[in-house]
Structures are given as structure tokens and as C-alpha cells.
Amino acid sequence: MSILLGTPGAGDLDEVVRALVEWRQEGASMQLHSGDVGFYWQFGPEVTAAALRTWSREGRILGVGLVDGPELVRLAIAPEASKDEELARQMADDVTRPERGVLSAGKAHVEALWGGRFRELLQEDGWELDEPWIPMVRDLSGPVAGSGLRVEVVGPERVDDRVAVHRGAFAGSKFSVERWRAMAAGTPYADARCLVGYNDQGDAVAATTVWSAGPGKPGLLEPLGVHSDHQGHGYGRAIAGAAAAALRDMGSSSATVCAEGSNAGAVATYRSAGFQPQPEVRDLRRVG
């Protein structure tokens, strides 16, 4: 049976999220997580649905893509489909040809972090390896020590602090209270928590959002940041440790995050919080 490329409607989002949750397995390669879709939900369900692509056979979703701008698609596939030749060829064809509505012509990037036929096909077609990413994993089978930072779960009364830290950590960010509310109203946020860390003076200094994929599955930190006015005091390590503790409380088997290989500071921060680096992975790029 043929593979069908589709764009879900807002009413189909729960089905897409369920597929991503089902595919998360301990020890598997990192790929698009339900939390990635959850964070994108800040733009609203209609915009989120329009940014998603699905590849299905006989009504069953086998692949999901999040078009994160005209030059990047972030992908995930069902674990059993990594060697599916028909799926690999259809996905490779769809992301390569701009008329299919996945990526625009010219310069483009594909995040497909699993090994297999799909990556081989793109490389055979001239796609190149991009800059390295370092997956970081913290096992949560044992207890997580306290972070040394006062950490609060964000509810309506702490949204302003959550937004202020994010905007202070990521230059140019347009994250807002309205976007947080849209994100928190999304299906994936039912298995998520926003955390804000406060220093001894009561200043909001660090924040993150943690996304569970359900008990016994890897959870995700996305995003994590320290306000630029408060960097260099170990608050990144502290909030990363608090994130791991929160995911353990939610039943996650591990806490995962992916750091740019060129960002030695981020890798060192996660290491100091008990996250262990895994073999580097690379996106694929097409030079325009």
C-alpha cells in the first residue's frame, strides 16, 4: 500500500501527539518528541497543525514532521519503520521536492537523528552532514538530589516570571503570557510542567519546561534557560537538576536534552547536573 503525505487539521492533533508518545522508547535514538510539538503549541492549535506533516499507510501514522520554518523540518518515525524502504523513499522524495509542501527550494535542513535508509537516500542525493548535536541523557531510576535553588511549578500566578526569564535567556524571543497560555492549553501540556528557579534574593533566574511521554518513557527538557542578568552562578545546573527531579516524579525513565556540539558551556552544564553525553548526531543540510 502507498504512503500518503498529509497535513493534519486541528482536530487531528491528538492523534499525532499519541503517535509521538507511543514511539518514545528507552535506548532509542532521539527524535521529534511530543514536547517539541507541545512547545510549538504556543502559536495555537491551528498554526501547530499547519506546521505538521504526517506519512501514513492504511490510516496508520508512520512518520511525523514539524516544519519549524521554511528551511527546517524535524522528523520522527515509528521504531519498526526505520528500515521501511517504501516509507524512506517517499519521505526523502517529499522533503526534497518543494511542491510537496514540506521544505522550500534551496537551502534546507532535515533533523532525522535515527540511522537508516532515509538518511542514506538523502546523502545519496547530495545532502551533507550538518553541525553536530550532543544528546544528553540522565537516568532516573534512582533518586535525584536537591538542586540548591528554590524551584516553583508555574501556575497562573507565576507566568510573568516564566516569560521574563525566557525572554532574558533567549535574545530576540517573543514568548509572552498569551503564548504561554496557548501552550498550556495544548494536549501535550497535560504531561508537562514549567519550572522557575529563584535565587536567595527572590529573583526569578532560571526556567525550563519538562515534557513527559508517560510513565517508563524518556522525558524531555525543552527549553531551558538562565536569565542573562544571572548567568555564571550555577543556576543552569540547578534548574537542570530540578527538571530531572520533576520528570522522575512524573514517572519518566530518563531526562533527555540535545545540546549543540559547539556550545561547550551547555554541554558542561548538563554534565554537571548528571546528564551523560551520547554519541554525537547530525542534521542533514542541502546547500542552496
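Computed from a predicted structure; not experimentally measured. (Residues numbered from 1 in each chain as written. Predicted model: local features only at pLDDT ≥ 70, side-chain atom pairs only at ≥ 80, totals over all residues. Heavy atoms only, no water.)

### Description of the overall build of the protein
And step 1. When helices and strands are counted, the protein shows nine helices and 13 strands.
And step 2. Taking 2.2 N^0.38 as the reference for a compact globule, 288 residues should give roughly 19 Å; the C-alpha atoms of the protein span a radius of gyration of 19 Å, in line with that estimate.
And step 3. Scored against the burial criterion, the 288 residues of the protein give a buried share of 52%.
And step 4. Across the protein, the fraction of contacts at a sequence separation of at least 24, relative to all contacts at a separation of at least 6, is 71%.
And step 5. Surface summary for the protein: the accessible area is close to 12,600 Å², and the carbon and sulfur share equals 48%. (Helix = DSSP H or I, 4+ residues; strand = E, 2+ residues; numbered from the N terminus. Rg over C-alpha atoms; globule rule 2.2 N^0.38 Å. Buried < 20%, exposed > 50% of the residue type's maximum accessible area, 1.4 Å probe, protein only. Contact = heavy atoms within 4.5 Å. Areas by Shrake-Rupley, 256 points an atom, 1.4 Å probe, with all protein chains shown as cover.)

### Here's the deal with helix H7 (residues 177-184)
And step 1. Along H7, the residues classified as buried are Val177, Trp180 and Met183. Here the buried residues of H7 occupy an arc of 120° about the axis, which is enough to place them on one side. Of the exposed residues in H7, the ones pointing more than 90 degrees away from its buried face are Glu178 and Arg181.
And step 2. Check the buried side of H7 and you find it contacts helix H2 (34-40), helix H6 (159-169), strand S8 (192-198) and strand S9 (204-211). (Arc of directions from axis to C-beta.)

### Regarding the pattern of salt bridges
In a structure, side chains of opposite charge can pair up when their charged atoms sit close to one another.
And step 1. Using the criterion set out here, one finds 18 salt bridges in the structure.
And step 2. Among the salt bridges present, the one from Glu128 reaches Arg285, with a minimum N-O distance of 3.3 Å. Of this pair, Glu128 sits in strand S6 (residues 128-139) while Arg285 sits in strand S13 (residues 281-286), and the two are 157 residues apart along the sequence.
And step 3. A single network of salt bridges, built from pairs that share partners, joins Glu85, Arg89, Arg117, Glu120 and Glu124. (Salt bridge = Lys/Arg side-chain N within 4 Å of Asp/Glu carboxyl O.)

### Remarks on empty space enclosed by the protein
And step 1. Within the structure shown, the criterion is met by one cavity of 30 Å³ or more.
And step 2. Approximately 40 Å³ is the volume attributed to the largest cavity.
And step 3. Lining the largest cavity we find Ile77, Ala81, Ser82, Asp84, Leu87, Ala88, Met91, Trp114 and Phe118.
And step 4. Ranked by residues supplied to the lining of the largest cavity, first place goes to helix H4 (residues 85-96) with three residues. (1 Å grid on protein atoms, 1.4 Å probe; cavity = no way out; pocket = protein on both sides within 12 Å on 5 of 7 lines; lining within 4 Å. Points joined across faces, edges and corners; volume = space filled by probe spheres on them.)

### Observations regarding the layout of surface pockets
And step 1. Of the volumes computed, that of the largest pocket is approximately 1,300 Å³.
And step 2. What lines the largest pocket is a set of 48 residues, and nearest its centre among them are Trp133, Phe170, Glu222, Pro223 and Cys258.
And step 3. Elements supplying a minimum of two residues to the lining of the largest pocket: H2, strand S4 (72-77), strand S5 (108-111), S6, H6, strand S10 (218-226), strand S11 (254-260) and helix H9 (264-272).
And step 4. It is S10 that provides the largest number of residues to the lining of the largest pocket, a total of seven residues.
And step 5. In this structure, the second largest pocket spans a volume of roughly 300 Å³.

### Comments concerning the packing of aromatic side chains
And step 1. Scanning the entire structure with this criterion turns up six aromatic pairs.
And step 2. Each member of the aromatic cluster is reached from another via a ring pair, and the members are Trp180, Tyr189 and Trp211.
And step 3. A cation over a ring is seen here: Arg150 above Tyr198, with NZ or CZ 4.4 Å from the ring centre. (Phe/Tyr/Trp six-rings, centres within 6.5 Å; stacked < 30°, edge-to-face > 60°. Lys NZ or Arg CZ within 6 Å of the ring centre and 35° of its normal.)

### What to know about the packing of H4 against helix H5 (residues 117-124)
And step 1. One way to put it is that H4 packs onto H5 with a least axis distance of 8 Å and a crossing angle of 45°. One finds that H4 runs oblique with respect to H5. Relative to H5, the crossing made by H4 is right-handed. On the side of H4, the interface is formed by Glu85, Ala88, Arg89, Met91, Ala92, Val95 and Thr96, while H5 contributes Arg117, Phe118, Leu121 and Leu122. (Axes fitted to C-alpha atoms, helices over the stretch in contact; angles between N-to-C directions. Parallel < 35°, antiparallel > 145°, perpendicular 65-115°, else oblique. Left-handed = near helix turned anticlockwise from the far one by under 90°.)

### With respect to the environment of Ser29
And step 1. Turning to its location among the elements, Ser29 is positioned in the loop between helix H1 (13-23) and H2.
And step 2. Relative accessible area serves as the criterion here: at 38%, Ser29 is assigned to the partly exposed category.
And step 3. Sequence separation of Ser29 and Ser82 is 53 residues, and the distance between their C-alpha atoms is 11 Å.
And step 4. In this structure Ser29 touches Arg24, Leu113 and Trp114, once residues within four positions along its chain are discounted.

Geometry only, nothing functional implied.
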